[in-house]
Amino acid sequence: MRLFDFSRAPNPRRVRMFLAEKGMEIPRVPVNLYRMEQLSPEFLAINPGGTVPVLELDDGTRLTECLAICHYLESVQPEPRLFGQGAKGEALVLMWNNIVEAEGIPSAAEVLRNLSPGFRDRVFPGTVDYPQLPALVQRGAIRTQQFFDRMQARLAESPFLAGEAFSFADITLLATVDFAKWVEIDATHDRPAVARWYASVKSRPSVGA
Ligand SMILES: N[C@@H](CCC(=O)N[C@@H](CS)C(=O)NCC(=O)O)C(=O)O
């Protein structure tokens, strides 16, 4: 196996954290997004979607999408469990992970990608360019704050996002909280349950992976 990776990007970080939690090490191939290597013909031959992470299996199969990659890794090395225990536990991890992926990451990305000069015409990953729309910066910021309010409500009733145990959903939320800092949105501000959760997750050795 090998992982196509970029150290500064939030989605590859999710896979690196997952691997670290599992105690797994696999070779990494850097793809420098700052130098637009994701759009090189060589990398598009690996992932036509032009995104990292990509996990290449020993038989040449290439997996994109953090959820699929981490689910695969969980199957090959089940312990420690990061996708929950039993039908209900697994469903809760998938549910909360999807809420973060569908609501949290895109909201913060809406701010960054419509604001930063570095993302000019790069509002979405992939080979098609779209222009920035400045009005989306404010809308994205409001959506991001609303999303973190929802996380506050959930974490006020549960130690971790999907319940009693740390899971893949927490990895996705941690990446999102740190990603939101890029646009100066502090998820922990005035949200004591998010702050308590963040301090706990931040103390895990995998966080620096
Ligand atoms: N849904 C994908 C998202 C992958 C993604 O958007 N990755 C970003 C880095 S965090 C990327 O490759 N961006 C390339 C670009 O912006 O052109 C996943 O779960 O892996």
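Residues numbered from 1 in each chain as written. Predicted model: local features only at pLDDT ≥ 70, side-chain atom pairs only at ≥ 80, totals over all residues.

### Side note on the site of the ligand
Defined as follows: A residue counts as near a molecule or strand when its C-beta atom, positioned from the backbone, falls within 6 Å of it. Gly is put with the polar residues, along with every residue not named as nonpolar or charged; the nonpolar set is Ala, Val, Leu, Ile, Met, Phe, Trp, Tyr, Cys and Pro, and the charged set is Asp, Glu, Lys and Arg.
The full set close to the ligand counts 14 residues, and Ala9, Asn11, Thr51, Cys66 and Pro125 are the nearest of them. Of the residues that constitute the shell around the ligand, the class distribution is seven nonpolar, five polar and two charged.

### Comments concerning the environment of Ala141
The condition is simple: By definition, any uninterrupted DSSP run of H or I lasting at least four residues is a helix, any uninterrupted run of E lasting at least two residues is a strand, and each is numbered from the N terminus. Partly exposed residues are those whose C-beta has more than 12 but fewer than 20 other C-beta atoms within 10 Å; with 20 or more the residue is buried, with 12 or fewer it is exposed, and the C-beta atoms are placed from the backbone. We call two residues in contact when their backbone-placed C-beta atoms lie within 7 Å.
One can find Ala141 in helix H5 (residues 135-155). Assessed through the 19 C-beta atoms surrounding it within 10 Å, Ala141 is described here as partly exposed. Counting along the chain gives 125 residues from Ala141 to Arg16, while the straight-line C-alpha distance between them is 27 Å. When near neighbours in sequence (up to four residues on either side) are disregarded, Ala141 contacts Val111 and Ile185.

### Quick look at unusual backbone geometry
Geometrically, the link from Val52 to Pro53 is a cis peptide bond, its omega value of 5° lying close to zero. For Pro53, the position within the fold is in the loop between helix H2 (41-46) and strand S3 (54-56). A cis amide bond links Glu79 to the next residue, Pro80, at an omega of -10°. Assignment of secondary structure puts Pro80 in the loop between helix H3 (66-76) and helix H4 (86-115). Unusually for a residue other than glycine, Met36 sits at a positive phi of about 60°. As for its placement among the helices and strands, Met36 is situated in the loop between strand S2 (28-30) and H2. You can call Met36 exposed: it has 12 C-beta atoms within 10 Å. Notably, Glu184 is not glycine yet its phi reads approximately 60°, a positive angle.

### A few points about the nonpolar core
Worth spelling out the cut-off: Joining buried Ala, Val, Leu, Ile, Met, Phe, Trp, Tyr and Cys residues through C-beta atoms within 7 Å gives a set, and that set is a nonpolar core. For every domain, the bounds stem from an assignment made automatically or drawn from a database.
Core analysis: the largest hydrophobic core is formed by 50 residues, its most contacted members being Phe18, Ala108, Phe168 and Ala169. Those elements giving two or more residues to this core turn out to be strand S1 (2-5), helix H1 (10-22), S3, H3, H4, H5, helix H6 (168-181) and helix H7 (192-202). Looking at this core element by element, the count peaks at nine residues for H6. Formed jointly, this core draws a minimum of three residues from each of two domains, domain 1 (2-76) and domain 2 (86-208). Those residues in contact with Ala169 that lie beyond four places of it in its chain are Val93, Trp96, Asn97, Val100, Leu161 and Ala162.

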